[in-house]
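# Architecture at a glance
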Amino acid sequence: MSSNRGKTAIVGIGEIPTGRYPEQNAISFALDAARMAIADAGIAKDEIDFVIPTTAVFSFQFSNELTTCRLVEELGLKGVSANTTVFSGGSSSTNALRIASALIETGRARNILFVHCEKLGTGVSTQGGIDLFSTAGISMEWEVPYGQHYSTVAALATQRYKHETGTTDEELSAVCVSNRKWAELNPNAFFRKPLTVAEVMGSKMLATPLRAKHSNMLFDGGAAFIVTSAERARNLTDKPAYVLGEGGAVTHFAYHQEPDLTRFGWAKAGREAFAEAGITPADINVAEIYDSYPIFQLIAFEEIGLCPRGEAGAMHLHGDTWPGGQLPTTTDGGMLSKGHTGAGGSVSLLVEAARQVMGRAGQRQVPNCRFAVETAVGGTYMDAQVTILGNEIP
Amino acid sequence: MSDAQHPTKPRPVVQPWAQPFWDAAREKRLILQHCEDCNKPIHYPRIACPHCGSARTGWRVASGRGQIYSYTVVVSNAPSAFVADMPYVVAVIELDEGVRMLSNIVDCDPQQLRCDMPVEVTFEQLDAEFMLPKFRPLT
Ligand SMILES: [Zn+2]
């Protein structure tokens, strides 16, 4: 595969705080985030020539409106040649970035706006959310009749991973604590009070060994980013977030078909991304790891090469991933503390990765942050995706 | 009976080519699809072999034995239709034939379950039409 290293960049980001906004229409989240991203990029709105919304899971009708160009009309964008939804669940942001980069490299587009918004926090009931996710991406013939849902999906991976690596419940719980320490510093995060391992381990058991505080919660939110060519990026800012490498591996549809519930496709995805970027895991300054449940943060962290297998839990417990640690990880607080907004979980992580390499992360800014790795995955962890951003091109 | 508190259990949404599997299950037989060309076992059933693409697939009676690859005991926040079943066990079973199934472990003390524990198939009536293959510890 030829390298696309550093040919495109994220030059603008926008994000509203994750929260519960029962009085507001989801379109306002999208518009606010998009306007922020356009302003952040320092381009005129009519320079946007391609718009990529992603699906808002809470409403098919609303998502259809995004697919049929509502954002272009609402934002008053006059220079748009195409609007098309890109959706792959939790990996939507990565796939949108991948497609956006390809469009820009081939000259099909110049400035691409990606927008996500979601109203899962107030647009559906709590039980409605559980029921929605008990069928989303889960086989209606081979899994749903057995009571499979997202807690069991996470628990099945956790149980096997503990069996194979000896990782403890305390270490798994430390992922929640590590991410919370970052959320405490993130004004856009929902859960910002300090959290202890004891509190996580004392929370209600859902599906052994998964507890309530190991589980993400659904919220309203929205985020956006703008992708352009590296050449134009250099004229806009001295610290663009260059897209250095991307890799992926689709490994299953039905969860029980996944060949290895303790690894998934991360190793291949990581190898590809690092090879394209021309750096190694040791060069990474910040890791934004998809964390809908602690187990998936540990697995991806290890499999992409940030530490040997079975050691990620101890790193999260002992502070290596915390603010001030040797490898700051999931610095927006992740879905576990910032809040899960459907496809937005990894939008938030990708935006945070860009924010860190652009040097705009405020209190959370990792010093001398040159290279960030971000992971994303959709459905039942079916398509491991790895993206590497940097403010320089190796 | 189905009402707001006890919604009907979701029934398998059967793909036509998987019908023989469910017909056999109703007779308390576990059968597995295989490829007549490359001879590999296939589960869940496919229109064509996912290994070699052949449309020549057939069925064989399975051993009904396997191991628990992983499992979890659901004790709260289950989907509506399963709330009344809690605690229930969801498991990925590695069958001796080398394919995996998602199922429930029944007739067991959930505390005694372990990864790699041997299990055997058993059948539970879902409704008039469906019998679901489930598993229990091999004694
Ligand atoms: Zn075959």
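Residues numbered from 1 in each chain as written. Chains lettered and ligands numbered in written order. Predicted model: local features only at pLDDT ≥ 70, side-chain atom pairs only at ≥ 80, totals over all residues. Heavy atoms only, no water.

All right, on to the overall build of chain B then. For chain B, the helix and strand inventory stands at one helix and eight strands. When the helices and strands of chain B are placed in sequence order, the string is α-β-β-β-β-β-β-β-β. Taking 2.2 N^0.38 as the reference for a compact globule, 139 residues should give roughly 14 Å; the C-alpha atoms of chain B span a radius of gyration of 16 Å, in line with that estimate. With 139 residues in all, chain B has 47% of them scored as buried. Intrachain contacts of chain B at a sequence separation of at least 6 include 53% that bridge at least 24 residues. Accessible surface computed for chain B: about 6800 Å², of which carbon and sulfur atoms make up 49%. Of the charged side chains in chain B, 14 are positive and 16 negative; the average position of the first set lies 3 Å away from that of the second. (Helix = DSSP H or I, 4+ residues; strand = E, 2+ residues; numbered from the N terminus. Rg over C-alpha atoms; globule rule 2.2 N^0.38 Å. Buried < 20%, exposed > 50% of the residue type's maximum accessible area, 1.4 Å probe, protein only. Contact = heavy atoms within 4.5 Å. Areas by Shrake-Rupley, 256 points an atom, 1.4 Å probe, with all protein chains shown as cover. Lys, Arg positive; Asp, Glu negative; His and termini not counted. Charge placed at Lys NZ, Arg CZ, Asp CG, Glu CD.)

What follows concerns the layout of surface pockets. Quantified by volume, the largest pocket comes out at close to 1100 Å³. Considering the residues around the largest pocket, the lining is formed by 49 residues, among which Ser-215, Asn-216, Met-217, Leu-218 and Tyr-293 of chain A are closest to the centre. Taken together, the elements giving at least two residues each to the lining of the largest pocket come down to helix 5 (126-132), helix 6 (150-165), helix 7 (169-183) and helix 13 (334-337) of chain A. No other element matches helix 5 of chain A, which puts three residues into the lining of the largest pocket. When its residues are assigned to classes, the lining of the largest pocket shows 24 nonpolar, 19 polar and six charged. Counted as a void, the second largest pocket has a volume near 280 Å³. Residue lining of the second largest pocket: 14 residues in total, with Gln-257 of chain A together with His-43, His-51, Gly-98 and Val-99 of chain B positioned closest to the centre. A per-class count over the lining of the second largest pocket returns five nonpolar, five polar and four charged. Each of domain 1 (14-62) and domain 2 (63-139) of chain B accounts for three or more of the residues forming the lining of the second largest pocket. (1 Å grid on protein atoms, 1.4 Å probe; cavity = no way out; pocket = protein on both sides within 12 Å on 5 of 7 lines; lining within 4 Å. Points joined across faces, edges and corners; volume = space filled by probe spheres on them. Nonpolar A, V, L, I, M, F, W, Y, C, P; charged D, E, K, R; others polar. Domains from an automatic or database assignment.)

A common way to report how large an interface is uses the accessible area buried once the components associate. On the side of chain B, 41 residues touch chain A, which itself brings 34 residues to the contact. Across the chain A/chain B interface, buried area totals approximately 3200 Å², and carbon plus sulfur atoms make up 57% of it. Contact with chain B buries surface across chain A, with Glu-141, Trp-142 and Tyr-146 of chain A losing the most and accounting together for 26% of the total. At the boundary of chain A with chain B, the tally comes to one salt bridge. Asp-116 of chain B is the salt-bridge partner of Arg-160 of chain A, the closest N and O atoms lying 2.8 Å from each other. Secondary structure elements with two or more residues in the side of chain A that touches chain B: helix 5, helix 6 and strand 5 (205-207) of chain A. Considering each element in turn, the side of chain A that touches chain B owes the most residues, six residues, to helix 6 of chain A. Its residues placed into classes, the side of chain A that touches chain B shows 15 nonpolar, 12 polar and seven charged. (Buried area = accessible area lost by both parts, 1.4 Å probe. Salt bridge = Lys/Arg side-chain N within 4 Å of Asp/Glu carboxyl O.)

Turning our attention to the coordination of the zinc ion. Residue and element names in this part refer to chain B. Looking at the metal site, the zinc ion is ligated by Cys-35 (SG), Cys-38 (SG), Cys-49 (SG) and Cys-52 (SG), spaced 2.3 Å from it. Sequence positions of the donors to the zinc ion reduce to the motif C-x2-C-x10-C-x2-C. Here Cys-35, found in strand 1 (residues 31-35), pairs with Cys-49, found in the loop between strand 2 (41-42) and strand 3 (57-61); they are 14 residues apart in sequence, far enough to count as distant. For the pair Cys-35 and Cys-49, one class covers both residues: buried. (Donors = N, O, S within 2.8 Å, 3.2 Å for Na, K, Ca; no water.)

Here we come to the side chain of Arg-46 of chain B. Within the secondary structure layout, Arg-46 of chain B lies in the loop between strand 2 and strand 3. Glu-141 of chain A provides the closest opposite charge to the buried, salt-bridge-free Arg-46 of chain B, at an N-O distance of 9.8 Å. In terms of polar contacts, Arg-46 of chain B uses its side chain to reach the side chain of Gln-257 of chain A, at 3.3 Å. Ignoring anything within four residues of it in the chain, the contact list for Arg-46 of chain B reads Gln-257 of chain A together with Trp-17 and Gln-33 of chain B. (Polar contact = N/O pair within 3.5 Å; in protein donor to acceptor, adjacent residues only side chain to side chain.)

Functional significance is not addressed by these values, which are geometric in nature.
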